[in-house]
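Coordinates in review
What follows is the residue order along each chain.
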Amino acid sequence: MPELVFFSGTMDCGKSTLALQIEHNRSARGLQGLIFTRNDRAGEGKLSSRLGLVTDSVEAGEGFDFYAHVVAHLSAGGRADYVICDEAQFLAPEQIDQLARVVDDLELDVFAFGITTDFRTRLFPGSQRLVELADRIEVLQVEALCWCGARATHNARTIGGHMVVEGEQIVVGDVGQPETVVGYEVLCRRHHRRRLTSAAARAAALSPDVLPVDPDA
Ligand SMILES: Nc1ncnc2c1ncn2[C@@H]1O[C@H](COP(=O)(O)OP(=O)(O)O)[C@@H](O)[C@H]1O
Ligand SMILES: Cc1cn([C@H]2C[C@H](O)[C@@H](COP(=O)(O)O)O2)c(=O)[nH]c1=O
């Protein structure tokens, strides 16, 4: 039975790598997939992972109709055994409905990958619709970690190194780049709530206010 599967997690937890592995394993067995992304950091029409792997993909921009695209591809004599879609959080809810229709009416497996919540801890519309429609939701096994060692469950946005909780929902960017204007860092919920990024925690640890007081000094 074909399925709509949502592989979800924080940034930097290995979603794109898994997408590329699924593609590799299936194409190695002679199957042919259709690969889609939107706003990948590597640029338009690319699906890339931080491990350095990258493959070509179809850019599914605003207004792109997944169902019509797959039908047109098949009608033109093309083959499609499965569909992969990365950065699915950026899709509109109706595009997720189209992916569900690809599963139900065209009987193809659809593997969608994306972050669940934005930097404000709110669901992306595309992720919300995937949670509503997916046959299965898979949380990735390699857990991303907060600076404190706990499992990272949330995404923080930094501007000039400082965590922010207001702004545009979509700003393409990366983790591990605190010096850039807009960066991201994955945190556990406790530290996201306290707005405590690794840099803020380091600064607090160095601050004289929190150093233990020596009564004899
Ligand atoms: N230099 C490295 N050596 C080993 N693993 C790495 C390295 N850099 C990144 N990774 C792995 O890649 C993961 C990020 O993969 P990626 O597919 O780009 O994530 P996502 O798509 O979820 O943002 C990291 O969580 C880490 O496990
Ligand atoms: C939290 C958050 C992230 N984004 C962007 C930043 C990246 O370009 C992608 C996530 O990519 P990844 O492969 O999962 O690392 O999403 C955003 O636009 N808004 C946000 O709130």
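Residues numbered from 1 in each chain as written. Chains lettered and ligands numbered in written order. Predicted model: local features only at pLDDT ≥ 70, side-chain atom pairs only at ≥ 80, totals over all residues. Heavy atoms only, no water.

By the naming in an unreviewed UniProt entry, the protein goes by Thymidine kinase and is assigned to Streptomyces luteosporeus. Reading the Catalytic activity (unreviewed entry) entry of the UniProt record for the protein gives the comment "thymidine + ATP = dTMP + ADP + H(+)". Looking at the Sequence similarities (unreviewed entry) heading of the UniProt record, one finds this comment for the protein: "Belongs to the thymidine kinase family." (UniProt positions renumbered as here; feature names shortened; annotations may be inferred.)

Here we come to unusual backbone geometry. Residues other than glycine seldom take positive phi values, yet Asn-39 does so here, at roughly 60°. Position of Asn-39 among the secondary structure elements: in the loop between strand E2 (33-37) and strand E3 (46-48). Given the relative accessible area of 28%, Asn-39 is considered partly exposed. Positive phi, normally seen in glycine, also occurs at Glu-87, with a value near 55°. Secondary-structure assignment places Glu-87 in the loop between strand E6 (82-85) and helix H3 (93-106). What makes Glu-87 buried here is its relative accessible area of 13%. (Helix = DSSP H or I, 4+ residues; strand = E, 2+ residues; numbered from the N terminus. Buried < 20%, exposed > 50% of the residue type's maximum accessible area, 1.4 Å probe, protein only.)

This part is about the sheet that holds strand E10 (residues 162-164). Strand order in the open sheet made by the three strands is E10-E9-E11, with antiparallel pairing throughout. At either margin of the open sheet sits one strand with a lone partner, and together these are E10 and strand E11 (182-187). Strand-to-strand twist across the sheet, computed as the mean angle between neighbouring axes with direction ignored, equals 45°. Sheet analysis places strand E9 (residues 154-159) next to E10, joined by three bridges and oriented antiparallel. What sits directly across from Thr-158, in E10, is Met-163. (Pairing = 2+ DSSP bridges. Axes fitted to C-alpha atoms, helices over the stretch in contact; angles between N-to-C directions.)

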